[in-house]
There are 4 protein chains.
Amino acid sequence: MAEQNYDAYREGVAGRADVEDTPELIAYYRSLEKLEAGALWTVANKIEPWQPRSESVPVLWRYRDMREHVLRSVDLVSPEKAGRRVIYLSNPGRREVSAAVGWLYSGLQVMHPGEVASAHAHSSSALRFIMEGTGAYTVVDGHKMTLGRNDFVLTPNGTWHEHGVAEEGTACIWQDGLDIPLVNALEAGFYAVHPDLRQAVTHPVNDSTATWGAPGLRPQNGDWNKRYSPLFKYEWEPTYEALVRHARVTDGSPFDGVLMHYVNPVTGGPVMSTIGASMQLLRPGEQTRAHRHTGSFIYQVAKGSGYSIINGKRLDWTERDIFCVPSWAFHEHANSSSSDDACLFCFNDLPVMQALNLYREEALAENGGHQTVAA
Amino acid sequence: MAEQNYDAYREGVAGRADVEDTPELIAYYRSLEKLEAGALWTVANKIEPWQPRSESVPVLWRYRDMREHVLRSVDLVSPEKAGRRVIYLSNPGRREVSAAVGWLYSGLQVMHPGEVASAHAHSSSALRFIMEGTGAYTVVDGHKMTLGRNDFVLTPNGTWHEHGVAEEGTACIWQDGLDIPLVNALEAGFYAVHPDLRQAVTHPVNDSTATWGAPGLRPQNGDWNKRYSPLFKYEWEPTYEALVRHARVTDGSPFDGVLMHYVNPVTGGPVMSTIGASMQLLRPGEQTRAHRHTGSFIYQVAKGSGYSIINGKRLDWTERDIFCVPSWAFHEHANSSSSDDACLFCFNDLPVMQALNLYREEALAENGGHQTVAA
Amino acid sequence: MAEQNYDAYREGVAGRADVEDTPELIAYYRSLEKLEAGALWTVANKIEPWQPRSESVPVLWRYRDMREHVLRSVDLVSPEKAGRRVIYLSNPGRREVSAAVGWLYSGLQVMHPGEVASAHAHSSSALRFIMEGTGAYTVVDGHKMTLGRNDFVLTPNGTWHEHGVAEEGTACIWQDGLDIPLVNALEAGFYAVHPDLRQAVTHPVNDSTATWGAPGLRPQNGDWNKRYSPLFKYEWEPTYEALVRHARVTDGSPFDGVLMHYVNPVTGGPVMSTIGASMQLLRPGEQTRAHRHTGSFIYQVAKGSGYSIINGKRLDWTERDIFCVPSWAFHEHANSSSSDDACLFCFNDLPVMQALNLYREEALAENGGHQTVAA
Amino acid sequence: MAEQNYDAYREGVAGRADVEDTPELIAYYRSLEKLEAGALWTVANKIEPWQPRSESVPVLWRYRDMREHVLRSVDLVSPEKAGRRVIYLSNPGRREVSAAVGWLYSGLQVMHPGEVASAHAHSSSALRFIMEGTGAYTVVDGHKMTLGRNDFVLTPNGTWHEHGVAEEGTACIWQDGLDIPLVNALEAGFYAVHPDLRQAVTHPVNDSTATWGAPGLRPQNGDWNKRYSPLFKYEWEPTYEALVRHARVTDGSPFDGVLMHYVNPVTGGPVMSTIGASMQLLRPGEQTRAHRHTGSFIYQVAKGSGYSIINGKRLDWTERDIFCVPSWAFHEHANSSSSDDACLFCFNDLPVMQALNLYREEALAENGGHQTVAA
């Protein structure tokens, strides 16, 4: 049997652990293990790296590859047997926790006209981004929302929610985004199936938008003290218009073009406690500069085509493709078109980074702010 | 010469002051006066009333009366001589402090094409509500905003601001709303004339709306930590649409119909620290119930016609009329039209009541919630 | 009968109103008055001064003068007839509103052993600062607090409260501080006498201090969402010790020496929404520099003797004396003793200035930061 | 080679995934894997459990066992070689991440008189709790604090900090508490060694306590907008006194006895963004009832002896022992002494649970709230 190595993480730098294994020390370490203890210096350099080392890798999920597999699931399983009929995105570095990147889960769900998934509630916060089809709807705590392409809808943690497609609709595909891996890791996840498997719609359809979706206005009867946005649906059209209008008066960010965060209108803060979301517009031909920051990011191409370079790896994307940026990975985006703008939807765990005071960012200084693409 | 009376406020109620003047006491009171002091029981019942007694009275300023006087001021004084060419509204109970109601000032300002008022800044918070004309604009800290009918614009305290009308415009009239009387009473008012009398426009025209006026979206580069809304202009069209849309999904308030507060999109709170504003819609034929609350309110009829009953006094209003509701006065509103909705713009000192923990309200319980109109 | 003058406030400065009366204008002004209106330029320079002009004047109330008058009130009126047997401080510039300075009320209350004032509640926020005697107590919403010299106790707005002196105590005198004039001016004052004239003590004596008075600690069961501090009593000893300890590690403020604000331990903010309070220590021989700021301040000398210079007027004070600093008045303080420190208790309307975004301050630049004392 | 199983997590409950492997499905799953994807229903029941399943187990680290090993490390490694000479607590369920429980790290550090560990900074938040010895000190961003037994000191994330023992002191042992595993898992950890390996002491010794450690008082010059408490040291004596005083006026919590949270005096909130701490007192003979909640907790016995029952496992503890409570584990505490009180220091990730809206708790309903101890 091979000897265990205790000095694998030595660094010859003042202030870091640099203790070589000796028989005496090894015996000491083993006696510590019997007490459910260990010597910090054997692991210190491993658990306190100089900077974040993400386990995730940049991945591009092409929609032209994913779509047929997603559609095929309709023939293979029913929503009743599957619970939810979803193909999830599995980052090679995060297979163990079923994450698309970091602690974020994402999947593609398909539903046929007349189908509906059973109502449930969980501690995870969730969102959907509609990719194709007509007639999709979501019900959140009795509020029903009709959904179209590029609409973004919340199903916050603790709410009863269910999804379906109207009889007169077409097959719908949407992206789910959740913090399931995070909530599990934090050992704080609860799950409940609605006692009736369906919830009643108790408010006028789309009342959330009609109540909370007005610019700079708050309803008189709008008391709201929950920890998530009462605006559950953010429609594509006003969002795109807002970006176009904003683009006329701003240079935007050198790293992100013209970017707007979806916010809780009651607080101006993120839409949910653990997940933030944004939509950004890259002007025709725009090529941003590289920066990196803590937090994990999942993008979906809402409009146009182009490419992103992530830690030196170039990913070419077109509408509906999905890709991820791991924590502390340099990234820059480019719109390949010289005539049309491109839009990227994004969800991320920025609210976690900010709430826990762990956000940090850094621009790439060298080479005009652009990475060298790996061969 | 008449003797001074010290026992004018006696009340024969346990727990209240009830001390009769005697020669000995009067002598005592006079000796206190020499020490810059007094006996509380001689004034206690006066300064601690059982409930608020407003000095203001309900007033209706009819636009058909005011308009010609406002227009005439153009011939009488120049903006240069007048500083600002404004006719202010003077509540009979508040003449001493030039207030329209409570501690709120309001005036009607007129400007001809090509005219511009000099740039200045003050501790007072200010707003404008456009009544008629085309080509009006306001500049706030280098942000220029073009203004149309029923648009609502902020000039928050401490900002450099100026108003004008474009050469190609028409004569414009707008309502000014300020907290001048409050700031004066609090002995906290500063005033400055801009060194150049004009400020440069340093941002794209209407950039404030293009940056902050999107529903549920916050610009990436939008750091803002000032104590007022960065959205300086709230346009009429999206506001009216928001009310109509909201009216489809809500019964509204029994006291106010469908009411939405203008808010600071960064915080969800009031647009300025001392002045709040709202727009409300009364459905055809709608007649609200009476309630009363602390705080002073000034209304302008943005659309339609109807009447309000304020402490038993009926005021019939039509578009552009202005009226006020004093603190703790019962008030109810009615839309006289059976076919068209009516809209009331309002500004008020609700943020003061709330910040100082002094807000209180009460519904009228008797008579189905409706006041008897005084003969 | 004398003609009314409309051009009394003219200023020959660009950007200010400068309109001379003419017969035509006077006729115009009179027609406006009939419409409950006026021309802004006739009052603009009055209501928008260049900087605050306080109506209050600096006053020193010497305790050696006041004390005998306060004690004499015991013989003249009973607490039952007087409601509260208090001699209030009346600023010559604020007699109309019974204020000691600005919108702040203050009075000296005396109570004999066994006496108790009836329980009541009001919209005004109140505090007491104990000047002499033993056995005083206050009950706030069922919490009874025993009080000693230099203790500071809150009776926040809306709470039931009553004051008394134990049978075994001695005659007690304390200073009351309230925002009665402000709440009245804001037309938001309500007053209620307790139905039983006495309230039951429903918590252990001094439980507020035992629950909330620990440095850096919050009780597990301490949910508190009221708008005022749950710590109702701030005792003199730990306050003085804190100042002495803090003085060892800080130079303090050049304007205030070593000053600590009493705070709400739940929020770190002011003790009540409208009234702040502080205690400051001036080292032996310390002479601060002059500054001025918005807000009104009432001081009581808790320890030692010295003088303050307020807008050029020197006030010499000793223990128990009370004096006031009006808004925007330059002020500086000096400890006359070369061996003992001096302590000033202060309450003020700083929370109002801050909540309404009206706080501003300025140091005196000339003459080494010291005022010239008026002859 | 064994076939992979995809249906290991099936549950025969409506609303849950219940899909049996078939050759067709297995082929489908494999084609998904090639796309870096998977079928949600193969993992859904695993990653969305009905309630939290902690990987950690309850552990008691007896000081009489640990102490000699800790002291022996002095002979085995120098602080220079070790970086920090610490024996860390390793939960059998969390060895991979070097955590004592959940995502919390803890270790016992020993230092001899005259020793000092090099100054460093990291994204992790850290605390120390002094166990024995005299002369220990910590320097945080230039603020030096002297430390005694049961003192609790913060070294918040991002601060330069170093620890040492004065020449005239004795060997000191303290407990370190950090969120290293969490920060690593969130891929947000940065580490820096101070360029000089030592930082200068730039403030008077213990100035943090003298500035911020006064009950209900905030220093005038105390601007503080960092995300952690400016009070870096919480001394044992005032903490214990506060508990004893509070115990006189409260029954305390049925689950925790008399418990007080250490708080940031500026906000009333937790001392750091990711770690909270508390001290609780169990009266002689007190036996609390069981409850469970999300979040991981590490206790150190500051005084007395007794036992805790955690998920049915009884742990008998005495002064200086350390034990942990995993997330969602039922736990109850008992003081074995009939004459002396017992005190438990605790640090935990409650601020994370609360910031991310994941806190939930539940009392044990059956058996009078007491668990059955496993044989």
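Just so it is clear, the structure is predicted and the values come from calculations on it, not from any experiment. (Residues numbered from 1 in each chain as written. Chains lettered and ligands numbered in written order. Predicted model: local features only at pLDDT ≥ 70, side-chain atom pairs only at ≥ 80, totals over all residues. Heavy atoms only, no water.)

> Talk me through the packing of aromatic side chains; I want residue IDs and the actual numbers.
Evaluated as defined, the whole model comprises 74 aromatic pairs over all chains. Here the aromatic rings of Y299 of chain C and F323 of chain C are separated by 4.9 Å at their centres, their planes lie at 10 degrees, and the arrangement is stacked. In this pair, Y299 of chain C is assigned in strand β18 (residues 297–303) and F323 of chain C in strand β21 (residues 322–325), connecting sequence segments 24 residues apart. Ring-pair connections join several aromatic residues into one group, and the members of that group are F129, F152, Y234, Y262 and F345 of chain A. (Phe/Tyr/Trp six-rings, centres within 6.5 Å; stacked < 30°, edge-to-face > 60°. Helix = DSSP H or I, 4+ residues; strand = E, 2+ residues; numbered from the N terminus.)

> Residues and numbers for the interface of chain D and chain C, please.
Contacts between chain D and chain C engage 35 residues on the former and 35 residues on the latter. Counting each side, the surface lost to burial between chain D and chain C is near 3,100 Å², with a carbon and sulfur contribution of 59%. In terms of surface lost to chain C, no three residues of chain D exceed L217, R218 and Q220 of chain D, which account for 21% of the buried area on that side. Across the chain D-chain C interface, the total number found is 14 residue pairs in polar contact (both at pLDDT 80 or more). (Contact = heavy atoms within 4.5 Å. Buried area = accessible area lost by both parts, 1.4 Å probe. Polar contact = N/O pair within 3.5 Å; in protein donor to acceptor, adjacent residues only side chain to side chain.)

> I'd like a description of the sheet that holds strand β9 (residues 152–155) of chain D, backed by residues and values.
Two strands in a sheet stick together by hydrogen bonds in their backbones, pointing the same way (parallel) or opposite ways (antiparallel). Here we have seven strands laid out as an open sheet, ordered β1(A)-β3(D)-β4(D)-β11(D)-β6(D)-β9(D)-β14(D), and antiparallel in their pairing. Edge strands, defined here as strands with exactly one partner in the open sheet, are β1 (37–39) of chain A together with β14 (233–234) of chain D. As paired elements, strand β6 (residues 126–132) of chain D and strand β11 (residues 172–178) of chain D share six bridges and run antiparallel to each other. Looking at β11 of chain D, one finds that R128 of chain D is bridged to D176 of chain D. Across the sheet, helix α1 (residues 23–34) of chain A lies against β1 of chain A together with β3 (86–89) of chain D, angled at about 155 degrees from β1 of chain A, the strand it touches most. (Pairing = 2+ DSSP bridges. Axes fitted to C-alpha atoms, helices over the stretch in contact; angles between N-to-C directions.)

> Provide a residue-level description of the relation of the copies chain D and chain C, including the pertinent values.
When chain D is fitted to chain C, the residual RMSD is 0.0 Å, and the transformation amounts to a turn of 180 degrees plus an axial shift of 0.0 Å. Given the turn and translation reported, the copies of this chain are related as if by a two-fold rotation axis. If distances are taken from each C-alpha of chain D to the rotation axis, the shortest is found for P215 of chain D, at 2.1 Å. Here 100% of the interface residues in chain D have copies in chain C that are interface residues too; the copies meet face to matching face. (Least-squares fit on C-alpha atoms with pLDDT ≥ 70 in both.)

> Residues and numbers for the sheet that holds strand β11 (residues 172–178) of chain C, please.
What the seven strands build is an open sheet, ordered β1(B)-β3(C)-β4(C)-β11(C)-β6(C)-β9(C)-β14(C); its pairing is antiparallel. Each edge of the open sheet carries a strand with a single partner, namely β1 (37–39) of chain B together with β14 (233–234) of chain C. By the bridge criterion, four bridges tie strand β6 (residues 126–132) of chain C to strand β9 (residues 152–155) of chain C in an arrangement that is antiparallel. Note that in β9 of chain C the partner of R128 of chain C across the bridge is V153 of chain C. Strands β1 of chain B together with β3 (86–89), β4 (105–111), β6 and β11 of chain C of the sheet are contacted by helix α3 (residues 63–76) of chain C, whose axis makes an angle of about 55 degrees with β4 of chain C.

> A description of the relation of the copies chain A and chain D should follow, citing residues and the corresponding values.
The transformation that overlays chain A on chain D combines an axial shift of 0.0 Å with a rotation of 180 degrees, and the residual RMSD is 0.0 Å. Comparing contact sets, 100% of the residues at the interface of chain A also lie at the interface in chain D, consistent with an isologous, same-surface contact.

> A description of the UniProt feature "domain: Cupin type-2" (unreviewed entry) in chain A should follow, citing residues and the corresponding values.
Residue and element names in this part refer to chain A. UniProt's feature table lists "domain: Cupin type-2" (unreviewed entry) at residues 108–173 and 280–346, given in the numbering used throughout. End C-alpha atoms of residues 108–173 are separated by 7 Å, and the span's content is 0% helix alongside 53% strand. Across residues 280–346 one finds 0% helix and 58% strand; the C-alpha atoms that close the span lie 8 Å apart. (UniProt positions renumbered as here; feature names shortened; annotations may be inferred.)

> I'd like a description of the arrangement of the chains, backed by residues and values.
A minimum C-alpha distance of 13 Å separates chain A and chain C, which share no contact. Taking C-alpha atoms only, the smallest gap left between chain B and chain D, which are not in contact, amounts to 13 Å.

> So what's going on with the environment of R248 of chain B? Residues and values would help.
Residue and element names in this part refer to chain B. Take R248: it is sitting in the loop between α7 (236–247) and β15 (258–262). Among the residues examined, R248 registers a relative accessible area of 63% and is labelled exposed. Expressed as a C-alpha distance, the spacing of R248 and V258, which sit 10 residues apart in the sequence, is 9.8 Å. (Buried < 20%, exposed > 50% of the residue type's maximum accessible area, 1.4 Å probe, protein only.)

> Any details on the interface of chain A and chain D? Residues and values, ideally.
On the side of chain D, 91 residues touch chain A, which itself brings 91 residues to the contact. Both faces considered, chain A and chain D share a buried interface measuring about 8,100 Å² in area, 60% of it formed by carbon and sulfur atoms. By the criterion of area lost to chain D, the three top residues of chain A are E36, E187 and F190 of chain A, representing 10% of everything that side buries. Counting across the interface, chain A meets chain D through eight salt bridges. Its salt-bridge partner being R84 of chain D, residue E48 of chain A comes within 2.3 Å of it at the nearest N-O pair. Here the side of chain A that touches chain D takes seven residues from helix α3 (residues 63–76) of chain A, the largest share from any one element. Taken together, the residues that form the side of chain A that touches chain D break down as 48 nonpolar, 24 polar and 19 charged. The sheet contact formed by strand β3 (residues 86–89) of chain A and strand β1 (residues 37–39) of chain D spans three bridges and is antiparallel. (Salt bridge = Lys/Arg side-chain N within 4 Å of Asp/Glu carboxyl O. Nonpolar A, V, L, I, M, F, W, Y, C, P; charged D, E, K, R; others polar.)

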